[in-house]
Structures are given as C-alpha cells and as structure tokens.
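This is what each chain is made of:
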Amino acid sequence: MNKSEKAIEIKDLNKTFKIDSGDFNVLNDINLFVDAGEFLSIVGSSGCGKSTLLRMIVGLDKNFSGSILSYGKSIKGAGVDRGMVFQESRLFPWLTVEKNIAFGISKKLSNSERKELVEEELELVGLHNFAKAYPSQLSGGMKQRISIARALINKPKLLLLDEPFGALDAMTRINMQQEILKIWEKQKTTMILVTHDIDEAIYLGDRVVVLSSRPGKIKKIVPVNLSRPRDRSSYDFTYVKSEIYNEFFTKVENPFSYTI
Ligand SMILES: Nc1ncnc2c1ncn2[C@@H]1O[C@H](COP(=O)(O)OP(=O)(O)OP(=O)(O)O)[C@@H](O)[C@H]1O
Ligand SMILES: [Mg+2]
C-alpha cells in the first residue's frame, strides 16, 4: 500500500436518479478525500444525498459518474474492508444478538474463531451479558451498539455511520458518541459519520463536510482543530459551531437568533 494513498478518494462524482418526471441530479461534482485513520463528519439537510453518498462509498450503488477509490483502487462492490451502520435498524429480529453479530463473518473461519470474534465485539460495545437476547429485548441504544458490533466484526478499515444515533435520546446519544470515539481511538478504523446533529459532527470529526441540497454539493469543509475529549461548551467548540451554522442559516447580528 502506498502511504500517500487515501483511504477514500472521490473524484468528480455525479449521481442522478431516473424518476418518472425525468432525471434527478442528487449529488453534483463531489470531490473529497478521507485520510487513513481520519474521522470525517458529513452534515446536510434531509434529502441532500448523504445516505446515497455512503451507499456509493460502501459499494452498494455503482451507478454514478466519476470515481471512488479506496487506497488507490476503484470500489467494485461491497467488501469486508468496509462496514456500514445504516440509518434504520437492520438487525434480524429472529436471531439472537450473537447470531446477528456473527451474520457477516467470513465462512472460512472455524466455529471457535467465530465465537472468539463475536465475544470480542460484544465486549467492545459493552453488551457481553446480552449475547442470547433477541433485538426486541433491547433498548434503541443497545440495538445500535449491536449494529456497530456487526459492522466491525470483519475488522473493516473503514466504517460508515449513517445517522446511527438519530433515534436516541440526548443522554444516550452523548454516551454513544463517547463509545464510538473509544472504538475509533482503539481500533484506528477510518470513520465517516453522517449526521443532522452539528454538535455531534464537531464532537467526533477531524473535519466536517457541509453539503448543500438540490443538488448535493460540498459547500464547505470545516477543520476541527480541537484536542479530544472535546468540551462542547468551550469557546472554540462554539466558534466552530457558528461557522457551520452560518452555512445553513442567514447570519444575523445577534448570534443567539438565527433565521432560515
Ligand atoms: N432509489 C431512489 N430513486 C429515486 N430517488 C431516490 C432514490 N434514493 C434516494 N432518492 C432521492 O435522493 C435524494 C437523496 O436521498 P438520501 O436518502 O441520500 O438523502 P439524505 O441526505 O440521506 O436524507 P436524510 O437526512 O433524510 O436521511 C432524496 O430526494 C431521495 O428522494
Ligand atoms: Mg439519509
């Protein structure tokens, strides 16, 4: 692997959906790179093409123009080197937690190797006592932890997170952000997080990509040069936040009053 190669390099990407009323250009002229080991956050309003972009990066949608390279190689389809946590829970309700996590493990591994991997992941997300539980017996936050464990099971180099904490209450959400940060620091996995939550994007990301909508374009990339763990109430944090807010809302003299 060439050290200068990026974990992800997106060049001149355009995505158009064909719908009854004609062509619908969702993403336009996207040029973006992600360094190996980076935590990249993406924010943008609903419908601007965030999930579509992640689906293309993970290899689930190959119908676009331009290129997406991973370590210099074109992405041909979904692969074990890229994991994804989807916006909606995709756990199988009829399988236990351990079977859900084990679902995507390489068939080449022995039973004991598979068991060991599942235990490792359960430990990582702090749910080792729930191996035999079914998804219906878990809270929303626990289900998301299982989804994260499942996405990490093959030790992907890249983890894509599509609004993974969107349905959680504020306190659980903050706990989950800390958990994901611990995993990122421990495993050195490159992460791309899509979120509506600007605080979350800044708390976690090395950079925050701001997407505009219709068509989705990169409006701005804001670096977050703050050491971790970050203090959400600090002046520097609030400063970065206002930089991003100003991309979405009209800037007004009074910083406590924004209008769309
Ligand atoms: N298979 C499809 N066919 C046609 N249009 C689609 C398809 N999938 C998505 N779209 C459209 O593309 C646009 C972007 O969708 P996408 O799901 O990527 O948005 P998003 O930014 O993830 O929104 P949200 O924040 O609400 O999840 C939307 O207008 C959506 O209607
Ligand atoms: Mg989405």
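All of these numbers come straight from a predicted model, not from anything done at the bench.

Calculation criteria
Residues numbered from 1 in each chain as written. Chains lettered and ligands numbered in written order. Predicted model: local features only at pLDDT ≥ 70, side-chain atom pairs only at ≥ 80, totals over all residues. Heavy atoms only, no water. UniProt positions renumbered as here; feature names shortened; annotations may be inferred. Helix = DSSP H or I, 4+ residues; strand = E, 2+ residues; numbered from the N terminus. Pairing = 2+ DSSP bridges. Donors = N, O, S within 2.8 Å, 3.2 Å for Na, K, Ca; no water. Buried < 20%, exposed > 50% of the residue type's maximum accessible area, 1.4 Å probe, protein only. Axes fitted to C-alpha atoms, helices over the stretch in contact; angles between N-to-C directions. Parallel < 35°, antiparallel > 145°, perpendicular 65-115°, else oblique. Left-handed = near helix turned anticlockwise from the far one by under 90°. Contact = heavy atoms within 4.5 Å. Lys, Arg positive; Asp, Glu negative; His and termini not counted. Salt bridge = Lys/Arg side-chain N within 4 Å of Asp/Glu carboxyl O. Polar contact = N/O pair within 3.5 Å; in protein donor to acceptor, adjacent residues only side chain to side chain. 1 Å grid on protein atoms, 1.4 Å probe; cavity = no way out; pocket = protein on both sides within 12 Å on 5 of 7 lines; lining within 4 Å. Points joined across faces, edges and corners; volume = space filled by probe spheres on them. Domains from an automatic or database assignment. Buried area = accessible area lost by both parts, 1.4 Å probe.

**Q** Mind showing me how you'd approach the UniProt feature "domain: ABC transporter" (unreviewed entry) in the protein chain here?
**A** Within this structure's numbering, the places UniProt gives as "domain: ABC transporter" (unreviewed entry) are residues 8–238. The distance separating the terminal C-alpha atoms of residues 8–238 is 29 Å; by composition the span is 31% helix and 28% strand.

**Q** Which parts of the structure should I look at to understand the pairing of strand S10 (residues 218–223)?
**A** Regular strands place side chains that alternate from one sheet face to the opposite one. For strand S9 (residues 207–211) and S10, the ladder comprises five bridges, and the chain directions are antiparallel. Of the residues in S10, the one forming a bridge with Val208 is Val222. Turn length for the S9-S10 hairpin, with the two strands adjacent in sequence and antiparallel, is six residues, and the turn residue Arg214 shows positive phi of about 50 degrees.

**Q** Where do I start with the coordination of the magnesium ion (ligand 2) in this structure?
**A** Ideal values differ by geometry: the angle at a metal is 109.5 degrees with four tetrahedral donors, but 90 or 180 degrees with six octahedral donors. Binding of the magnesium ion (ligand 2) to the protein goes through Ser51 (OG) and Gln87 (OE1), at separations of 2.0 to 2.5 Å. With Ser51 in helix H1 (residues 50–58) and Gln87 in the loop between strand S6 (82–85) and helix H2 (97–102), this pair connects stretches of sequence that are 36 residues apart. On the basis of relative accessible area, Gln87 is assigned to the partly exposed category, the value being 39%.

**Q** Can you walk me through the packing of helix H4 (residues 140–152) against helix H5 (residues 170–187) in this structure?
**A** For any two helices packed against each other, the geometry comes down to the angle between their axes and how far apart the axes lie. One way to put it is that H4 packs onto H5 with a least axis distance of 11 Å and a crossing angle of 20 degrees. Relative to H5, the element H4 is oriented roughly parallel. In terms of crossing hand, the pair formed by H4 and H5 is right-handed. Across from Gly141, Gln144, Arg145, Ile148 and Leu152 in H4, the residues of H5 making contact are Thr172, Met176, Glu179, Ile180 and Ile183.

**Q** Help me understand unusual backbone geometry, please; the structure alone is not making it clear to me.
**A** Glycine aside, a negative phi is what most residues show, and trans is what most peptide bonds show. The peptide bond linking Arg214 to Pro215 adopts the cis configuration, its omega dihedral lying at -5 degrees. Structurally, Pro215 can be placed in the loop between S9 and S10. With omega at -5 degrees, the peptide bond leading from Arg228 into Pro229 counts as cis. Along the chain, the position of Pro229 falls in the loop between S10 and helix H7 (235–248). Here the phi dihedral of Asp12 falls at roughly 45 degrees; this positive angle occurs in a residue that is not glycine. For Asp12, the location among the structural elements is in strand S1 (residues 8–19). Judged by relative accessible area, which is 46%, Asp12 ranks as partly exposed.

**Q** Just to check I follow, could you spell out the side chain of Asp162 for this structure?
**A** Within the secondary structure, Asp162 sits in strand S7 (residues 158–162). No salt bridge is formed by the buried Asp162. Its closest oppositely charged neighbour is Lys50, at 6.8 Å. Here Ser51 takes part through its side chain, which lies 2.6 Å from a polar atom of the side chain of Asp162. Dropping the residues within four chain positions of it, Asp162 is found in contact with Ser51, Leu54, Met84, Val85, Phe86, Gln87 and Val194.

**Q** Explain empty space enclosed by the protein to me, please; I cannot follow it from the model alone.
**A** Space left empty within the atom packing is revealed by a probe, the size of a water molecule, rolled over the atoms. A complete count under the given rule lists one cavity of 30 Å³ or more for this structure. As a volume, the largest cavity reaches approximately 30 Å³. Lining the largest cavity are Val125, Arg145, Ile148, Met176, Glu179, Ile180 and Ile183. Among the elements of the structure, H4 and H5 are those that each provide at least two residues to the lining of the largest cavity. A total of four residues in the lining of the largest cavity trace back to one element, the largest contributor, which is H5.

**Q** Honestly, the domain arrangement of the protein chain in this entry has me stumped. Any pointers?
**A** One frequently used descriptor of interface size is the decrease in accessible area upon assembly of the parts. Looking at the assigned domains, one finds that the protein chain contains domain 1 (6–81 + 157–248) and domain 2 (94–155). If you average the C-alpha positions of domain 1 and of domain 2, the two centres end up 25 Å apart. Of the residues lining the interface, 15 residues belong to domain 1; the matching set on domain 2 comes to twelve residues. Across the interface of domain 1 and domain 2, roughly 1100 Å² is buried in total on both sides, 69% from carbon and sulfur atoms. Summed over the three residues of domain 1 that lose the most area to domain 2, namely Met176, Ile183 and Gln187, the buried surface amounts to 35% of that side. At the boundary of domain 1 and domain 2, one finds one salt bridge. Linking Glu179 and Arg145 is a salt bridge whose minimum nitrogen-to-oxygen distance equals 3.9 Å.

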